[in-house]
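One letter stands for each residue in the lines below.
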Amino acid sequence: MQIDVTKLQDWVVLRIGEARLDAHNSNELKDTIQKHLDKGDTRLVIDLSQVRFIDSSGLGALLSGYKNANLHQGKMVLAQLQPRVESMFELTRLNRVFDIFPAVEDVVHGGDA
Amino acid sequence: MTAPDDIQVDIIVPNQTRYLSLIGNIGEAIAKELDRYQGDRETLAYHLNLVLTEAMTNAIRHAHHQDASKTVRVRIHIDQDELCIEVYDQGQGFDLEDQSLPAPDTPVEHGRGLFLIRTLMDEVEYHRGEHANVLIMRKKLS
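Bear in mind the structure is a predicted one, so any value in this text is a computation, not a measurement. (Residues numbered from 1 in each chain as written. Chains lettered and ligands numbered in written order. Predicted model: local features only at pLDDT ≥ 70, side-chain atom pairs only at ≥ 80, totals over all residues. Heavy atoms only, no water.)

1. With respect to the sheet that holds strand S1 (residues 7-14) of chain B
All names here are of chain B.
Okay, step 1: With antiparallel pairing, the five strands of this open sheet are ordered in space as S1-S2-S3-S5-S4. On the outer flanks of this sheet lie S1 and strand S4 (123-127), each paired with one strand and no other. Averaged over all pairs of adjacent strands, the angle between their axes in this sheet comes to 10 degrees, without regard to strand direction.
Okay, step 2: Inspection of the sheet shows strand S2 (residues 71-78) paired to strand S3 (residues 82-89) by six bridges, in the antiparallel sense. Opposite isoleucine 76, over in S3, you have isoleucine 85 as the bridge partner.
Okay, step 3: Contacts from helix H2 (residues 41-63) reach S1, S2, S3 and strand S5 (133-140) within the one sheet, and its direction differs from that of S3 by about 20 degrees. (Pairing = 2+ DSSP bridges. Helix = DSSP H or I, 4+ residues; strand = E, 2+ residues; numbered from the N terminus. Axes fitted to C-alpha atoms, helices over the stretch in contact; angles between N-to-C directions. Contact = heavy atoms within 4.5 Å.)

What follows is the structure, given as structure tokens:
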């Protein structure tokens, strides 16, 4: 799985470079998020701008990351969702769980809200 | 019975998640060409990709327990009024009734696949057979 890692102030941004997030690659995402949390990157932004398709396993991997970040006294937020991907969060009501930002840069200004 | 403008696709793939995108993308491509559909074809395309992906994942993980010697058969049939997807598995099957959406305030990581299939398709059935089980998902086109 292609994931680009950058820093934005005190946030670590993981940009998923895959068009699909499904049962084939969701475990890899889950493991990558866990590794970042374990090494102390406890403020994570998941940039989903390249992801055009997500299934329930992809949603589950993100939820796992969100919960593990909370366990590490950290925070994991989502940014730049494509409309159909965002509609999956609405359908499963997970938009009530995650903080979702229109752009990665918006997290810096509102990520603690 | 098959009419001249019906579309039928019948595919067998190995019991591996790497084939999810192949099957999902076939469903998506078919929906985009489906000018008999009255609604938004782009949305239908995404939803077909999703239900095919979820149904195949169920077969691979819950019915076949990732057994690489098994295969998954997917049949898509479209006539004038209806689109029907059948996903066959050769395992012990799974419980179609276990499909309620986990509550958002106590979020669990699994259990949304069948909920999505139920929500996006008009009729969903699961039949257990002697040699294979089949998940049948139907959607009205008009």
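2. A look at the interface of chain A and chain B
Okay, step 1: Contact with chain A, which involves 25 residues of that partner, is made by 29 residues of chain B.
Okay, step 2: Between chain A and chain B, roughly 2,300 Å² of surface is buried when both sides are summed, and carbon and sulfur atoms account for 58% of that area.
Okay, step 3: The interface formed by chain A and chain B holds one salt bridge in total.
Okay, step 4: Here arginine 52 of chain A and glutamate 28 of chain B are joined by a salt bridge, their closest N and O atoms 2.4 Å apart.
Okay, step 5: By residue class, the composition of the side of chain A that touches chain B is nine nonpolar, seven polar and nine charged. (Buried area = accessible area lost by both parts, 1.4 Å probe. Salt bridge = Lys/Arg side-chain N within 4 Å of Asp/Glu carboxyl O. Nonpolar A, V, L, I, M, F, W, Y, C, P; charged D, E, K, R; others polar.)

3. Examining unusual backbone geometry
Residue and element names in this part refer to chain A.
Okay, step 1: In this structure, glutamine 9 takes a positive phi of about 50 degrees despite not being glycine.
Okay, step 2: Considering the arrangement of structural elements, one finds glutamine 9 in the loop between strand S1 (3-8) and strand S2 (11-16).
Okay, step 3: Residue classification places glutamine 9 among the exposed residues on the basis of a relative accessible area of 60%. (Buried < 20%, exposed > 50% of the residue type's maximum accessible area, 1.4 Å probe, protein only.)

4. Considerations on helix H2 (residues 56-71) of chain A
Count 3.6 residues to each turn of an α-helix, and residues three or four apart come out pointing the same way.
All names here are of chain A.
Okay, step 1: Between its first and last C-alpha atoms H2 spans 22 Å; for 16 residues at 1.5 Å apiece the expected length is 22 Å, and the two agree.
Okay, step 2: Of all 16 residues that make up H2, 12 are buried, and the element is covered over most of its length.
Okay, step 3: Among the residues of H2, those classed as buried are Ser56, Ser57, Gly58, Leu59, Gly60, Ala61, Leu62, Leu63, Ser64, Gly65, Asn68 and Ala69.
Okay, step 4: Phi for glutamine 73, located one or two positions after H2, is positive at around 55 degrees. (Expected span 1.5 Å × (residues − 1).)

5. Focus on the sheet that holds strand S7 (residues 100-101) of chain A
Okay, step 1: Taken in spatial order, the five strands make up an open sheet running S1-S2-S4-S6-S7 (chain A), and their pairing is mixed. Each edge of the open sheet carries a strand with a single partner, namely S1 and S7 of chain A.

6. What to know about the environment of glutamate 28 of chain A
Okay, step 1: On the secondary structure map, glutamate 28 of chain A appears in helix H1 (residues 26-38).
Okay, step 2: When the C-alpha positions of glutamate 28 of chain A and methionine 1 of chain A are compared, they lie 7.0 Å apart, and in sequence the two are 27 residues distant.

7. With respect to the packing of aromatic side chains
Okay, step 1: This model, assessed by the stated rule, comprises three aromatic pairs over all chains.
Okay, step 2: Taken together, a centroid distance of 5.3 Å and an interplanar angle of 65 degrees make the contact between tyrosine 66 of chain A and phenylalanine 98 of chain A edge-to-face. Taken as a pair, tyrosine 66 of chain A in helix H2 and phenylalanine 98 of chain A in the loop between helix H3 (83-91) and S7 lie far apart in primary sequence, 32 residues in all.
Okay, step 3: An aromatic cluster of at least three residues, connected via ring pairs, comprises Tyr66, Phe89 and Phe98 of chain A.
Okay, step 4: Over the ring of tyrosine 88 of chain B we find arginine 73 of chain B; its NZ or CZ atom is 4.7 Å from the centre of that ring. (Phe/Tyr/Trp six-rings, centres within 6.5 Å; stacked < 30°, edge-to-face > 60°. Lys NZ or Arg CZ within 6 Å of the ring centre and 35° of its normal.)

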